Amino acid sequence: GNVNYVCQGEDVSEEQGTWIVNSSRTDLDLLLNLDISPLPVPFKLVGLSETSTSFTGNVTDLPIPTSLFDQNADPTAVTLVSFSITFTKV
């Protein structure tokens, strides 16, 4: 499917990427177009939990350019980040 975003308080939808969920609905793969990267950023939510108004999952080892945190960093260096995230229907 496609990932769209809408800024809160606006009604204009913009495409931001694509997604696919596995058949057991436990993993969600996202491929997002983000300003921090010239290429689409792939990441996987594991341990997916869904309700009628939100879904939650864990992202592990997402490579983020280290230069976002340290302007003196090697431009090819990445930092791996892990986090839990909840998307809520608004």
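Just above sits the structure.
An account of the accompanying structure is given in this report.

Definitions and cut-offs
- Residues numbered from 1 in each chain as written.
- Predicted model: local features only at pLDDT ≥ 70, side-chain atom pairs only at ≥ 80, totals over all residues.
- Heavy atoms only, no water.
- Salt bridge = Lys/Arg side-chain N within 4 Å of Asp/Glu carboxyl O.
- Helix = DSSP H or I, 4+ residues; strand = E, 2+ residues; numbered from the N terminus.
- Buried < 20%, exposed > 50% of the residue type's maximum accessible area, 1.4 Å probe, protein only.

Applying the stated criterion across every chain yields a total of two salt bridges. In this structure, the salt-bridge partner of Arg 25 is Glu 50, at a minimum N-O distance of 2.8 Å. Highlighted residues: Arg 25 in the loop between strand E2 (14-21) and strand E3 (27-32) and Glu 50 in strand E4 (residues 41-50), separated in sequence by 25 residues. Given a relative accessible area of 41%, Arg 25 falls into the partly exposed group. For the salt bridge of Asp 29 with Lys 44, the shortest nitrogen-to-oxygen distance reads 3.1 Å. Of this pair, Asp 29 sits in strand E3 while Lys 44 is found in strand E4, placing the two residues 15 residues apart along the sequence. Classification of Asp 29 by relative accessible area gives partly exposed; the value is 31%. Lys 44 gets classed as partly exposed once you look at its relative accessible area, which sits at 37%.

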